[in-house]
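A closer look at the structure
Chain by chain, the residues:
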Amino acid sequence: MEKSGEGQQPFLRAKGLSGLAFLYMSLGDNLNGKRAAEESVALFRQSQDKSGLAYALVIVAFPLEFLGERLQAEAALMEGIAIARSEKNAFVLASALNNLTRVTLDLHGDTNAAERYADEAIRVSREAGIEWTVATAHEMKGNIAFHRKEYDEARALIEKAVQAYREVGAHFNVIIAKSSLAHMERLSGNYAIALDIYRETIVAFRDIGQMGAVAHQLECFGFIALAQDHPERTLQLFAAANALREKVGTPMTPDEQIYFDEQLKGMRDELNSMQFDSIWSRGYAMTMEQAIDFALEEIND
C-alpha cells in the first residue's frame, strides 16, 4: 500500500535536508550543514528507509569532522557502515569507508586501520562498478602514504585519483584532489611545486563559486610567502582571505584556525602594531579578484 502524500512529507523533507546539508558544506558553511544533516538523520530514523538513514549519517559526518567533532563523526560513520552492510548498499558503504579512512587518520593516527577501510572501499566499489568511490579511495590512500612520510607514493596515488576523477567527469573532485596535492607539497617544503598547483586551483575554485576554498587558498599562498621570508606579502594575503571569509560567511575549521593563529602570532611578534595594522588594512581592502591577482604574482626569493 502506498503512503499518502501526508505520510511522504517527512521522508521527502529528510531527503531534501540531506541535499541541503551537502550544498551548505560545498559552500563552506559547516554549521548550517550540520543543522540540516542532523535534522535529516532524525527524520530518517522515524522512517523505514534504512539506506536513506545510512546516507544521512555519511552526510552528517562531514560537518562534524570539519568542525572538529571527530569522535561524533566516527560514531556516525560506524553506524552508517553497519546499516549499509545490512542493506547491501555499496555506494553508501564505500563512501562511509572512505570518509572513515580520513577520520581515523586524523583522530587516531592509525594508518593500518585507515588502510583497511580504504582497501575495503576499493573492493566494494569495484564489485559494484562504482569508479567514483574507487578514485576517492585512492585519494585516501594518498593521505595515508603522506602520513607515513612515503611522499613519492602519496604523490603517485593522488595523481592516480585525479586521473580517475577526470575519467568519470568529477570536475570538483579533480580540483579538491589537486589542492590536496598542493598542500602535501607545501608541507613537504616543495614550495615551487605547490605554488604551481595553487595557481591553478585558486582560479578553478573561483570559477565554480567556492569562495571559502578561495579564501583558504589565499591563506596557503600566505603560508608559503611566510616560509620564504616575505612577511608583508603574507600579511596582505591573510587579510584578504579574512575579508573574503567575512563577506561570504565561511569561517575556518577549528584545525585551520589553530594553524593560522600560530602563523599570525609570529608576525605580530615581528612587526610593531602600526606596521601590522597598516599592512593588514591594505590586504583587507582588496576585492577577491585583486587578492587572486596578488596571489598569482611571481615573487623573487
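In case you missed it, the structure is sitting above this.
Figured I'd write up the structure that's included with this text. (Residues numbered from 1 in each chain as written. Predicted model: local features only at pLDDT ≥ 70, side-chain atom pairs only at ≥ 80, totals over all residues. Heavy atoms only, no water.)

1. Some words on the overall build of the chain
Threshold: In this description a helix means any DSSP run of H or I spanning at least four residues, a strand means any run of E spanning at least two, and both kinds are numbered starting from the N terminus. It is over C-alpha atoms that the radius of gyration is taken, and the globule rule equals 2.2 Å times the number of residues to the power 0.38. Three exposure classes are used, based on accessible area relative to the maximum for each residue type with a 1.4 Å probe and protein chains only: buried under 20%, partly exposed in between, and exposed over 50%. Here a residue-residue contact requires only that any non-hydrogen atoms of the pair lie within 4.5 Å. What sets the accessible areas is the Shrake-Rupley method with a 1.4 Å probe; for residues, cover comes only from the shown protein chains. Neither His nor the chain ends contribute to the count of charged residues, in which Lys and Arg are positive and Asp and Glu negative. The atom standing in for a charge is NZ when the residue is Lys, CZ when it is Arg, CG when it is Asp and CD when it is Glu.
Tallying secondary structure elements over the chain gives 15 helices and zero strands in all. By the compact-globule yardstick of 19 Å for 301 residues, the chain fits well, its C-alpha radius of gyration being 21 Å. Overall, the C-alpha framework of the chain stretches about 70 × 45 × 35 Å when taken along its three principal axes. Taking all 301 residues of the chain together, the buried fraction comes to 50%. In the chain, of all internal contacts separated by at least 6 residues, the share reaching a separation of at least 24 is 61%. Here the chain displays about 14600 Å² of accessible surface, and carbon together with sulfur accounts for 52% of that area. Between the mean site of the 30 positive side-chain charges and the mean site of the 44 negative ones, the chain shows a separation of 4 Å.

2. Notes on the nonpolar core
Nonpolar side chains in soluble globular proteins tend to be buried together. To keep it simple, the criterion reads: In plain words, nonpolar cores are sets of buried Ala, Val, Leu, Ile, Met, Phe, Trp, Tyr and Cys residues tied together by side-chain atoms within 4.5 Å.
Grouped together as the largest cluster of nonpolar side chains are 51 residues, with contacts concentrated most on Leu218 and Leu235. The element that contributes the greatest number of residues to this core is helix α11 (residues 211–227), accounting for eight residues. The contact partners of Leu235, leaving out residues within four places of it in the chain, are Leu264, Met267, Leu271, Phe276, Ile279 and Trp280. Leu43, Ala56, Ala84 and Val124 belong to the second-largest nonpolar core, a separate cluster that totals 36 residues.

3. Quick word on the packing of helix α9 (residues 171–187) against α11
As a reminder, the rule being used: For helices, the axis comes from a line fit to the C-alpha atoms of the stretch in contact; other axes are also lines fit to C-alpha atoms, and the angle between any two N-to-C directions lies between 0 and 180 degrees. Here the angle decides the label: under 35 degrees means roughly parallel, over 145 means roughly antiparallel, 65 to 115 means roughly perpendicular, and every other value means oblique. Left-handed describes a crossing in which the near helix is turned anticlockwise from the far one by less than a right angle; the clockwise case is right-handed. Amino acids are sorted into nonpolar (Ala, Val, Leu, Ile, Met, Phe, Trp, Tyr, Cys and Pro), charged (Asp, Glu, Lys and Arg) and polar (every other residue, Gly among them).
Two numbers describe how α9 lies on α11: the axes approach to 11 Å, and their chain directions differ by 20 degrees. Relative to α11, the element α9 is oriented roughly parallel. With respect to the hand of their crossing, α9 and α11 are arranged in left-handed fashion. In contact with Ser179, His183 and Arg186 of α9, α11 contributes His216, Gln217, Cys220, Phe223 and Ile224. The class makeup of the residues in the contact of α9 with α11 is three nonpolar, four polar and one charged.

4. Observations regarding empty space enclosed by the protein
Under the convention used in this document: Cavities and pockets are found on a 1 Å grid laid over the protein atoms alone: a cavity is a set of points where a 1.4 Å probe fits but cannot escape, a pocket is an open set with protein on both sides within 12 Å along at least five of seven lines, and a lining residue has an atom within 4 Å of such a point. Grid points are joined across faces, edges and corners, and a volume is the space filled by probe spheres set on the points.
Enumeration over the complete set of coordinates arrives at one cavity of 30 Å³ or more. The computed volume of the largest cavity comes to approximately 50 Å³. If you go around the largest cavity, the residues you meet are Phe146, Tyr151, Ala154, Arg155, Leu181, Met184, Glu185 and Ser188. Listing elements by their share of the lining of the largest cavity, those giving two or more residues are α8 (151–167) and α9. Residue classes in the lining of the largest cavity are distributed as five nonpolar, one polar and two charged.

5. Points about α11
Stated formally: By this rule, a helix spans an expected 1.5 Å times one less than how many residues it contains.
Taking 1.5 Å of rise per residue, 17 residues should cover 24 Å, and α11 covers 25 Å from first to last C-alpha, within 8% of that figure. The buried count for α11 comes to 14 of 17 residues, which makes it a mostly enclosed element. Asp229 sits one or two residues past α11 and shows a positive phi near 65 degrees.

6. Considerations on the environment of Asp119
Put simply, the rule reads: In protein, a polar contact requires one atom able to donate a hydrogen and another able to accept it; more generally it is a pair of N or O atoms within 3.5 Å, and residues adjacent in sequence count only if both atoms are side-chain atoms.
The residue Asp119 is located in helix α6 (residues 111–128) in this model. When its relative accessible area of 34% is taken as the criterion, Asp119 is described as partly exposed. Note: C-alpha distance between Asp119 and Lys141 (22 residues apart in sequence) is 8.4 Å. A distance of 2.5 Å separates polar atoms of two side chains, one belonging to Asp119 and the other to Lys141.

7. Observations regarding the pattern of salt bridges
Basically, it comes down to this: Salt bridge criterion: a side-chain nitrogen from Lys or Arg within 4 Å of a carboxyl oxygen from Asp or Glu.
Throughout the structure, instances matching the rule amount to 24 salt bridges. Between Asp207 and Arg206 there is a salt bridge; the shortest N-O distance is 2.9 Å. Through salt bridges with shared partners, a single ionic network connects Arg85, Glu120, Arg123 and Glu127.

All we've got here are geometric facts, nothing functional implied.
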